[in-house]
Amino acid sequence: MGEEHQVSSSYWLETAPDGHHPALDGDLDVDVAVIGAGIAGLSTAWELTRAGRSVAVLEAGRVAAGVTGHTTAKVTALHTLVYDKLRRTRGPEGARLYARSQSEAIGHAARIAEELGVDCEWETRSAYTYARDPGRVAELRAETEAAAEAGLPASFVTETGLPFPVAGAVEVTGQAQFHPRKYLLALAADLVERGGRIFEDTTVLGLDEGEPCRLSTATGATVRARDVVVATHYPIFDRALLFARLSTRRELVVAGTIPADQDPDGMFITPDEDTRSVRTAPLEGDRRLLIVTGEHFTPGTSDPRARLERLTAWATGHFPDLEVTHRWATQDTEPTDTVPMVGPLHPGARHAYVATGFGGWGMTGGIMAGRLLTAQITGEECEWSGLYDPRRLKTAVREAPALLKTQAKVAGHFVGDRLRPSPPVESLPPGEGAVVRADGHRVAVYRDEDGGFHAVSARCTHLGCLVDFNAAERAWECPCHGSRFDTDGKVIQGPATKPLEQRDL
């Protein structure tokens, strides 16, 4: 398999110093336990520590190395085409609250970076949502009007810095981009310096919402906390039917160097062409890093190698001097009713909170969530609490077709994937994997480069859907809720918390 068809590590993970935190090895009592050390979890923990709470962050992997470590890291309130829809579904006030909450997150992050003195490559840029199809101009004009009405500095333009013509674009000035891992490692260091604690390689398995709440971990340790925040990107607990209101998509990223004078000078995205997102990042000398994202798909439903080839061809076709250095993938969780879910975990929750459904805009969303959850835990008022409340029902009902479509896909995979034909194990070439039938069971088999077989149960340990193989990343993926596992069954990404069971062939 050619290197151009394989995913490598993220640029952000390669270029930021790697801090290390111990695993939790004994029981612990704190005011607040935060599950997940991505931008939402660390932002929440940092804010709470500043508010005088004792905080412990519990991370199954490494700090800022999951979804946040693979983002494109646009810090913007322009989220493709959202404001015209919000104006219609939540009213002008809902759109205004969304714009203000996301915009304030940008300014807050800038102040934190300055206060901590972290060089996180913060750059102010305009953000654009563009289309090349003249048939979408009316849609872009409506979005411009709605974004401006919501309070953003938005305008409709027909000229951009992209190396091809566009039919039109929404431009919002004064947005930003940064190095997410450098920012979050500084946040984590400051959190620890102020008495907060971070535990890596600590998987949370259970939550008892008593007083205090109790978290059980894979190591056998128990954490007792007055309040618990579930910030695991996709919630590991489903106590408000959140799983029915979330869908997961995976997206590929191609990055490499271009001459600095070819920088398009902005952050760009189009909903067309299976999404294309473009931005750059600073490098030393006279070059910049070009980052192109697109080709989204549901985990476990597509061979990403052809998609990676298409995305690479698009990037090199429009930027001929691009020297590709990195290929990676990112994962996003979409709410069926447009707005992230940040607040109480379920209708009866008194001390359990959740942050999820950022829909690809987790930088501003995660920072916003940190401030919102801290306000709720400390008893302060926040005017957009209602907008993001996970317990909302009216909008879920209003946008029921999206919810039903999501559940129909899950049901289709749960039943249909069990009817797939089973290839013979001996036919697997090195570097490939497939789900086969053995002794009446579905087994996920990977053949390594030396010809050895690795066999695990094909049933996802989350809710039992069958996984499929992602050859570009050499991982088993669940199409129902996005759980991902390595070739030996270890959890890479939740909501699953337990590995795939080992099987003998």
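Residues numbered from 1 in each chain as written. Predicted model: local features only at pLDDT ≥ 70, side-chain atom pairs only at ≥ 80, totals over all residues. Heavy atoms only, no water.

K.L.:
Please provide a residue-by-residue account of the environment of Cys213, values included.
P.N.:
The residue Cys213 is located in strand E9 (residues 213–217) in this model. C-alpha of Cys213 to C-alpha of Asp31: the two residues are 182 residues apart in sequence and 9.9 Å apart in space. In this view, Cys213 contacts Leu207, Asp208, Val223, Arg224, Ala225, Arg226, Val228 and His351; residues no more than four positions away in its chain are not counted. (Helix = DSSP H or I, 4+ residues; strand = E, 2+ residues; numbered from the N terminus. Contact = heavy atoms within 4.5 Å.)

K.L.:
I'd love a proper account of the state of the cysteines, names of residues and values included.
P.N.:
Under the defined criterion, the tally for this structure stands at one disulfide. Here Cys465 connects covalently by a disulfide to Cys480, the sulfurs 2.0 Å from one another. Around the S-S axis, the bridge from Cys465 to Cys480 shows a dihedral of about -90° and counts as left-handed. With Cys465 in the loop between strand E20 (453–457) and strand E21 (468–470) and Cys480 in the loop between strand E22 (475–477) and strand E23 (484–485), this residue pair connects regions lying 15 residues apart in the sequence. (Disulfide = S-S within 2.5 Å.)

K.L.:
Give a description of the nonpolar core that names residues and reports values.
P.N.:
Side chains that are nonpolar tend, in soluble globular proteins, to be buried together. Counting residues in hydrophobic clusters, the biggest one holds 80 residues, and the most contacted among them are Leu42, Tyr83, Tyr183, Val342 and Tyr388. The element contributing the most residues to this core is helix H4 (residues 91–116), with nine residues. Not counting residues within four places of it along the chain, the set of residues in contact with Tyr388 comprises Tyr98, Ser101, Gln102, Val339, Pro340, Met341, Val342, Met368 and Leu372. Formed by 28 residues, the second largest nonpolar core is a distinct cluster that contains Leu58, Val223, Val230 and Phe243. (Core = buried A, V, L, I, M, F, W, Y, C linked by side-chain atoms within 4.5 Å. Buried < 20%, exposed > 50% of the residue type's maximum accessible area, 1.4 Å probe, protein only.)

K.L.:
Describe the environment of Gly294, with residues and values.
P.N.:
Mapped onto the elements of the fold, Gly294 is located in strand E14 (residues 287–297). A relative accessible area of 0% means that Gly294 is categorised as buried. Between the C-alpha atoms of Gly294 and Val254, which are 40 residues apart in sequence, the distance is 8.8 Å.

K.L.:
Any details on the packing of helix H2 (residues 39–50) against H4? Residues and values, ideally.
P.N.:
Put simply, H2 and H4 touch, their axes get as near as 14 Å, and they point 65° apart. With respect to each other, H2 and H4 are oriented roughly perpendicular. The element H2 and its partner H4 pack so that their crossing is left-handed. From H2, Trp46, Glu47 and Arg50 reach across to H4, where they touch His108, Ile112, Glu115 and Leu116. Residue classes in the contact of H2 with H4 are distributed as three nonpolar, one polar and three charged. (Axes fitted to C-alpha atoms, helices over the stretch in contact; angles between N-to-C directions. Parallel < 35°, antiparallel > 145°, perpendicular 65-115°, else oblique. Left-handed = near helix turned anticlockwise from the far one by under 90°. Nonpolar A, V, L, I, M, F, W, Y, C, P; charged D, E, K, R; others polar.)

K.L.:
Tell me about the sheet that holds strand E24 (residues 491–493), residues and numbers included.
P.N.:
Across a sheet, strands are paired by hydrogen bonds formed along the backbone, either parallel or antiparallel in direction. Taken together, the four strands give an open sheet; going across it, the order is E21-E22-E23-E24, and neighbouring strands pair in antiparallel fashion. On the outer flanks of this sheet lie E21 and E24, each paired with one strand and no other. Examined bridge by bridge, E21 and E22 share three bridges and lie antiparallel to one another. For Asp468, the partnering residue across the bridge sits in E22 and is Glu477. (Pairing = 2+ DSSP bridges.)

K.L.:
Run through the layout of surface pockets, naming residues and quoting values.
P.N.:
Of the volumes computed, that of the second largest pocket is approximately 250 Å³. Together, 15 residues line the second largest pocket, and Arg371, Leu372, Ala375, Glu380 and Cys382 are the ones closest to its centre. Among the elements of the structure, H4 and helix H8 (362–378) are those that each provide at least two residues to the lining of the second largest pocket. Broken down by element, the residue count for the lining of the second largest pocket peaks at six residues, all from H8. (1 Å grid on protein atoms, 1.4 Å probe; cavity = no way out; pocket = protein on both sides within 12 Å on 5 of 7 lines; lining within 4 Å. Points joined across faces, edges and corners; volume = space filled by probe spheres on them.)

K.L.:
Lay out the packing of H2 against H8 in plain terms, naming residues and giving numbers.
P.N.:
One can describe the packing of H2 onto H8 by two numbers: an axis separation of 8 Å at closest approach and a directional angle of 40°. The handedness of the crossing between H2 and H8 comes out as right-handed. On H8, the residues touching Ile39, Ala40, Ser43, Thr44, Glu47 and Leu48 of H2 are Gly362, Met363, Gly366, Ile367, Ala369, Gly370, Arg371, Leu373, Thr374, Ile377 and Thr378.

K.L.:
So what's going on with the pairing of strand E19 (residues 441–447)? Residues and values would help.
P.N.:
Among the seven residues that make up E19, six are buried, leaving the element largely enclosed by the rest of the structure. Where strand E18 (residues 432–438) meets E19, seven bridges bridge the pair, whose relative direction is antiparallel. Note that in E19 the partner of Arg437 across the bridge is Arg442. Counting the residues between successive antiparallel strands, the hairpin from E18 to E19 contains two residues, one of them, Asp439, with a positive phi of roughly 55°. Taken together, the five bridges between E19 and E20 define a ladder with antiparallel strand orientation.

K.L.:
Summarise the packing of aromatic side chains; cite the residues concerned and give the values.
P.N.:
This structure, assessed with the given rule, holds ten aromatic pairs. Taken together, a centroid distance of 4.7 Å and an interplanar angle of 10° make the contact between Tyr128 and Phe268 stacked. Here the residue Tyr128 occupies a position in strand E4 (residues 123–131), and Phe268 occupies one in strand E12 (residues 267–270), the gap between them amounting to 140 residues. Judged by its relative accessible area of 9%, Tyr128 falls in the buried class. With relative accessibility at 0%, the residue Phe268 sits in the buried group. Geometrically, the ring pair formed by Phe178 and Tyr183 is tilted, given 5.2 Å between the ring centres and 55° between the ring planes. Residue class for Tyr183 comes out buried when judged on its relative accessible area of 1%. One aromatic cluster in this structure is built from Tyr83, Tyr98 and Tyr388. Sitting over the face of the ring of Phe164, Arg132 holds its NZ or CZ atom 4.2 Å from the ring centroid. The lysine or arginine in question, Arg141, covers the ring of Phe156, its NZ or CZ lying 4.0 Å from the ring centre. (Phe/Tyr/Trp six-rings, centres within 6.5 Å; stacked < 30°, edge-to-face > 60°. Lys NZ or Arg CZ within 6 Å of the ring centre and 35° of its normal.)

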